[in-house]
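# Commentary on secondary and tertiary structure
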Amino acid sequence: MVQRGYLTSISVLPAPLAPHSFAFFPPVPLYCCLRTPLPSRLLLLFVNLSLVTLRPHPATLLTDQPHHLHRGIGLAFGGGFARGYAHLGVLQVFEEENIPIACIAGTSIGSILGTAYASKLRLARIIEKCREIRFRDFGRWRVSRFGLASNDRLGALVHRFFDSRQFEDLSIPTVIVATDLDTGDPVLFKQGSLAEPIRASCAFPGLFEPVQIGTRYLADGGLVAPVPTRAARELGAEIVVGISVGLHDGRRGAPANIFQVVSRAVSAAQKHQLESWERHANLVLRPAVQALAWDDFDRIDEAIEAGAAVARSALPRVLALLNRQAARLADSIETSQAALAGGAE
């Protein structure tokens with residue numbers, strides 16, 4: 001029953017077989033993952049990600065088109081652990097300037113903050129709560145074959161903190177992106193419970209154990225959609241603003257631990273996905289958070305200010321996009337009224 005209910009709330013973005021265009025090393029066939037132990041699937045997924053520039057990215061291949069376009073802007077919040085607090089600064093400025101939010105797409109921490117905002121929580125309350133959160137509130141160390149920790153506490157945090165527990169209860173249409181470790185495809189959650197999709201989208205490989213939903217083993221959405229601009233477009237946003245905070249740990253030199261090794265490997269792969277997700281954005285914001293490490297949660301004020309600064313500088317472009325949208329809508333209404341008047345005659 002749980003499997004059936006969850007799977008009906010998932011929209012999978014299919015990835016076609018790659019053409020024979022590889023100069024030297026073809027990617028590891030993803031069907032091999034089905035017969036491979038889960039820890040090895042992560043390695044196979046990284047190999048495929050490293051060759052992403054040689055084939056279409058799955059998130060660019062949506063076949064389902066939105067039935068209608070939402071007025072306002074669609075926000076696509078990328079992952080980045082503590083750096084993701086910059087998303088709060090962007091929301092702060094847009095709220096102050098009464099920028100209408102049409103929908104939200106989130107990956108990893110972007111899924112947490114975006115959903116919290118869509119759940120009718122006041123932004124000040126979200127920031128207040130984020131100041132209190134520490135690793136123990138959403139994760140617990142539990143070394144296993146699949147990871148060093150579990151993020152099961154994140155589900156309980158969502159239930160305690162959010163005003164909404166279901167996608168259907170959110171005040172803003174929202175989509176959460178995770179990665180299917182069997183296929184390497186993005187998975188979009190738009191209906192049903194919020195807690196498990198958020199956990200899945202935040203299950204960074206090597207650190208957190210994958211999250212099982214139904215028959216699927218899911219990991220961090222940033223593996224396939226670092227900034228989920230395509231998901232926001234598919235949700236119905238005519239104007240998409242992507243917020244990228246990056247994943248690199250902010251330090252130079254040799255990595256000091258396994259997390260830095262994995263995060264730098266994922267970051268290197270994501271550099272080659274820029275064209276895939278950027279082309280679905282009307283505007284990309286990059287807060288200056290490179291100096292923050294993944295676990296600098298106590299530097300939340302710096303991250304928020306960085307997000308606010310880049311949002312303020314982008315306001316003229318955002319307002320121009322909204323003005324053009326309003327003009328198109330006015331022209332459409334005028335055309336429709338003229339057609340109706342002509343038919344009446």
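Notes on the structure follow. In this convention, every chain numbers its residues from 1, walking through the sequence in written order. Only residues with pLDDT of 70 or above have their local features reported here, since the model is predicted, and side-chain atom pairs are shown and tallied only from 80 upward, although totals for entire chains, interfaces and linings are computed over all residues. As a rule here, side-chain values cover all heavy atoms of the structure and leave hydrogens and water aside.

## Regarding the packing of helix 3 (residues 86-96) against helix 4 (residues 109-118)
Every axis corresponds to a line fitted to the C-alpha atoms, with the helix fit spanning only the stretch in contact, and the corresponding angles, defined between N-to-C directions, vary from 0 to 180 degrees. By the criteria applied, helices consist of DSSP H or I runs no shorter than four residues and strands consist of E runs no shorter than two, each listed in order from the N terminus. Between helix 3 and helix 4, the least distance of the axes is 10 Å, while the angle of their chain directions is 30°. Of the possible angle classes, the one that applies to helix 3 and helix 4 is roughly parallel. In this structure, helix 3 crosses over helix 4, and the sense of that crossing is right-handed. Seen from helix 3, the contacting residues are H87, L88, L91 and E95; seen from helix 4, they are G110, L113 and Y117. The residue classification treats Ala, Val, Leu, Ile, Met, Phe, Trp, Tyr, Cys and Pro as nonpolar and Asp, Glu, Lys and Arg as charged. All others, Gly included, are polar. Class assignment for the residues of the contact of helix 3 with helix 4 results in 4 nonpolar, 2 polar and 1 charged. What sets the label is the angle itself: under 35 degrees gives roughly parallel, over 145 gives roughly antiparallel, 65 to 115 gives roughly perpendicular, and the rest give oblique. A clockwise turn of the near helix away from the far one marks a right-handed crossing, whereas an anticlockwise turn of less than a right angle marks a left-handed crossing. The contact definition used throughout considers only heavy atoms, calling two residues in contact when any of these lie within 4.5 Å.

## Some details on the sheet that holds strand 4 (residues 140-141)
Strands sit in the order 4-5-8 across an open sheet of 3 strands; the sheet is mixed. Here the strands that pair on one side only, and so sit at the sheet edges, are strand 4 and strand 8 (206-208). A pair of strands counts as paired when DSSP detects no fewer than two bridges linking them. Of the strand pairs in this sheet, strand 5 (residues 147-150) and strand 8 are connected by 2 bridges, and their pairing is parallel. Residue pairing across strands places A149 opposite F208, the latter belonging to strand 8.

## Some thoughts on the environment of I104
Following the sequence through the fold, I104 ends up in strand 3 (residues 101-107). Distance from I104 to A76, taken between C-alpha atoms, is 6.0 Å for residues 28 residues apart in sequence. Contacts of I104, omitting those with residues within four sequence positions, involve L75, F77, G114, Y117, A118, I172, P173, T174, V175 and L235.

## Digging into empty space enclosed by the protein
A cavity here means a set of points on a 1 Å grid, drawn over the protein atoms and nothing else, where a 1.4 Å probe fits but cannot get out; a pocket is an open set with protein on both sides within 12 Å along at least five of seven lines, and a residue lines either one if it has an atom within 4 Å of a point. Grid points are joined across faces, edges and corners, and a volume is the space filled by probe spheres set on the points. Applying the stated rule across the entire model yields 2 cavities of 30 Å³ or more. Residue lining of the largest cavity: 19 residues in total, with I109, I112, I133, F138 and L154 positioned closest to the centre. Those elements giving two or more residues to the lining of the largest cavity turn out to be helix 4, helix 5 (123-132) and helix 7 (152-161). Of the residues contributing to the lining of the largest cavity, the split by class is 18 nonpolar, 1 polar and no charged.

## Considering the packing of aromatic side chains
Two rings from Phe, Tyr or Trp (for Trp, the six-membered ring) form a pair when their centres are within 6.5 Å of each other. A pair whose planes differ by under 30 degrees is stacked, one over 60 is edge-to-face, and the rest are tilted. Counted under the stated rule, the structure contains 9 aromatic pairs. Aromatic side chains F81 and W294 sit 5.3 Å apart centroid to centroid with 80° between the ring planes, which places their arrangement in the edge-to-face category. Separated by 213 residues along the polypeptide, F81 in the loop between strand 2 (70-77) and helix 3 and W294 in the loop between strand 12 (283-285) and helix 12 (300-344) bring together distant segments of the chain. A simple rule labels every residue: compare its accessible area, found with a 1.4 Å probe on the protein chains alone, to the largest value its type can have, and call it buried under 20%, exposed over 50%, or partly exposed in between. Using a relative accessible area of 8% as the deciding quantity, one classes F81 as buried. The exposure class assigned to W294 is buried, which follows from its relative accessible area of 16%. Taking 6.0 Å as the distance between ring centres and 65° as the angle between the ring planes, the aromatic pair formed by F138 and F297 counts as edge-to-face.

The values are spatial; any link to function lies outside them.
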